[in-house]
Amino acid sequence: MNDLQKRTWAEISLDNIRHNYRAIRASLPAGCRFLGVVKADAYGHGALTVSRLLQEEGADYLAVSCLDEALELRQGGVTMPILILGHTPPEYTGTLIAMGITQTVTCLAKAVEYSAEAAKLGRDLKIHIKLDTGMSRLGFLCAGGYFDEGVQNVIDSCRLPGLIPEGVYTHFAVSDEPGADCRDYTLGQFRLFMDMIRAVKERGGIEFAIRHCANSGAVANYPEMALDMVRPGLLLYGYGDGGKLGLRPCMRLVTTVSTIKFYEPGTAVSYGRRFVTQRRTRMGVLAIGYADGLPRAAGNQCSFAAGDGFAPQRGSICMDMCMVDLTERPEVDVGSQVELFGPKCSIYQLSDAACTIPYELLCAVSKRVPRVYF
Ligand SMILES: *Cc1c(COP(=O)(O)O)cnc(C)c1O
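This one's a predicted model, so the numbers in the text were calculated from it and none came from an experiment. (Residues numbered from 1 in each chain as written. Predicted model: local features only at pLDDT ≥ 70, side-chain atom pairs only at ≥ 80, totals over all residues. Heavy atoms only, no water.)

### Quick word on the pairing of strand 3 (residues 61-64)
Here strand 3 shows a buried face lined by Tyr61 and Ala63 and a second buried face lined by Leu62 and Val64. Judged from the 3 bridges that link them, strand 2 (residues 33-37) and strand 3 form a sheet pairing that is parallel. Residue pairing across strands places Leu35 opposite Tyr61, the latter belonging to strand 3. Pairing between strand 3 and strand 4 (residues 82-84): 3 bridges, direction parallel. (Buried < 20%, exposed > 50% of the residue type's maximum accessible area, 1.4 Å probe, protein only. Helix = DSSP H or I, 4+ residues; strand = E, 2+ residues; numbered from the N terminus. Pairing = 2+ DSSP bridges.)

Next up, the structure:
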């Protein structure tokens, strides 16, 4: 890293990503495939770098949310199978086929459109059927009174020319949440998923080579749901319920102290004067703000690791800077490093302060923040 970059950066441990991949893999039943979710720039860790690592490690599949993310990987030399979890406009069917990208199909109407485009080209598009078993997001309706219609729509979709139905999947809403109610809900989603797969086979003679449903929550809490492939994102990056598996966080967000000044009691700090000093205060200005991904909502309610301890953040977080009280941290000087989250400073402290979840903080680390790999 050159001196110009010594403002704010994200340290990413490829060793820890590799460790997490191997630890998750080792926990899976024999023959179970591993799909690494690398959408949203691999949760801020760098999609191309993470994907190349997973490819080298022998992972089976990658997933992204949209065509642009898939193309970035293909253009970067990633040759392994890639599944697009979200919608791709049917007019890009030719690109999907040419680039060897697998598309999720979420309803009969879209299956018809992809099929028509593939037929025009005289080629085949690989698809995974997505079932909506209770997330109420994308997927064929199949709960309750929609079951029979859902089965028929999946069968009709799979029989269309130009489509190769390789896989079927669903997504859990509360597999990462504790409590009997969440457990029942997740078990109910799983049961419906399996019932749908069975009915599609019995009524349509269609069998899927890859059935998958386990996101990070299910990999950690419901190992019996691994089926033919697991689909973790967060766990790979070392967050979530990864403790049991011995997973390690992979990103450390670091900034530096730009300047330090002493303020008398009664001095208002930052926009909105939302903090006023109560004592003579040694205040540091950090070179990180919400444009770097530090959530403004956490203003005045979090602490960062500095020197031998922690420094409370004071006043509103600005676009490019924020202030911390260094009165108790005389060892911290101009140029000192401050950890926003990482081994010393839990990401949950910051996500709780901002009323959000680690996912959002990881994705929010902006492109202005250089990633430093080691
Ligand atoms: C994002 C996503 C995942 C990964 O979720 P994690 O909780 O990070 O494991 C898996 N499946 C689908 C469909 C997703 O959208």
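### Quick word on the site of the ligand
The local shell around the ligand holds 13 residues, among which Lys39, Tyr43, Ser216, Leu234 and Tyr359 are the closest. The contact in question runs from an oxygen atom of the ligand to an N or O atom on the side chain of Lys39, over 2.7 Å. Measuring from an oxygen atom of the ligand, one finds a side-chain N or O atom of Tyr43 at 2.5 Å. Considering the ligand on its own, with 390 Å² of exposed area, one finds that the protein chains cover 93% of that surface. Class assignment of the residues belonging to the shell around the ligand gives a composition of 6 nonpolar, 4 polar and 3 charged. (Near = heavy atom within 4 Å. Polar contact = N/O pair within 3.5 Å; in protein donor to acceptor, adjacent residues only side chain to side chain. Areas by Shrake-Rupley, 256 points an atom, 1.4 Å probe, with all protein chains shown as cover. Nonpolar A, V, L, I, M, F, W, Y, C, P; charged D, E, K, R; others polar.)

### Things to note about the packing of helix 7 (residues 147-158) against helix 8 (residues 180-204)
If you want to describe how two helices pack, look at the angle between their axes and the distance between the axes. For the pair helix 7 and helix 8, interaxial distance at closest approach is 9 Å and the crossing angle is 60 degrees. Judged by the angle between their axes, helix 7 and helix 8 are oblique. Crossing handedness for the pair helix 7 and helix 8: right-handed. Packed against helix 7, whose contacting residues are Phe147, Asp148, Gly150, Val151, Val154 and Ile155, the element helix 8 presents Leu192, Asp195, Met196, Ala199, Val200, Arg203 and Gly204 at the interface. Of the residues assigned to the contact of helix 7 with helix 8, the class counts are 8 nonpolar, 2 polar and 3 charged. (Axes fitted to C-alpha atoms, helices over the stretch in contact; angles between N-to-C directions. Parallel < 35°, antiparallel > 145°, perpendicular 65-115°, else oblique. Left-handed = near helix turned anticlockwise from the far one by under 90°. Contact = heavy atoms within 4.5 Å.)

### Comments concerning the state of the cysteines
Under the counting rule described, the total for this entry stands at 0 disulfides. The cysteine Cys142 is free of any disulfide, with Cys213 supplying the nearest cysteine sulfur at 13 Å. Cys142 sits in the buried class, given a relative accessible area of 0%. Counting only cysteine sulfurs, Cys107 is the nearest neighbor of Cys158, a cysteine outside any disulfide, at a range of 13 Å. (Disulfide = S-S within 2.5 Å.)

### Details of the packing of aromatic side chains
Throughout the structure, instances matching the rule amount to 3 aromatic pairs. With a centroid separation of 4.7 Å and 75 degrees between ring planes, the pair formed by Tyr21 and Phe34 is classed as edge-to-face. With Tyr21 in helix 1 (residues 14-27) and Phe34 in strand 2, this residue pair connects regions lying 13 residues apart in the sequence. In this pair, the class of Tyr21 matches that of Phe34, namely buried. The interplanar angle of 40 degrees and the centroid separation of 6.0 Å between the aromatic rings of Tyr43 and Tyr359 together place this pair among those described as tilted. With Tyr43 in helix 2 (residues 39-43) and Tyr359 in helix 11 (residues 358-364), this pair connects stretches of sequence that are 316 residues apart. With relative accessibility at 6%, the residue Tyr43 sits in the buried group. (Phe/Tyr/Trp six-rings, centres within 6.5 Å; stacked < 30°, edge-to-face > 60°.)

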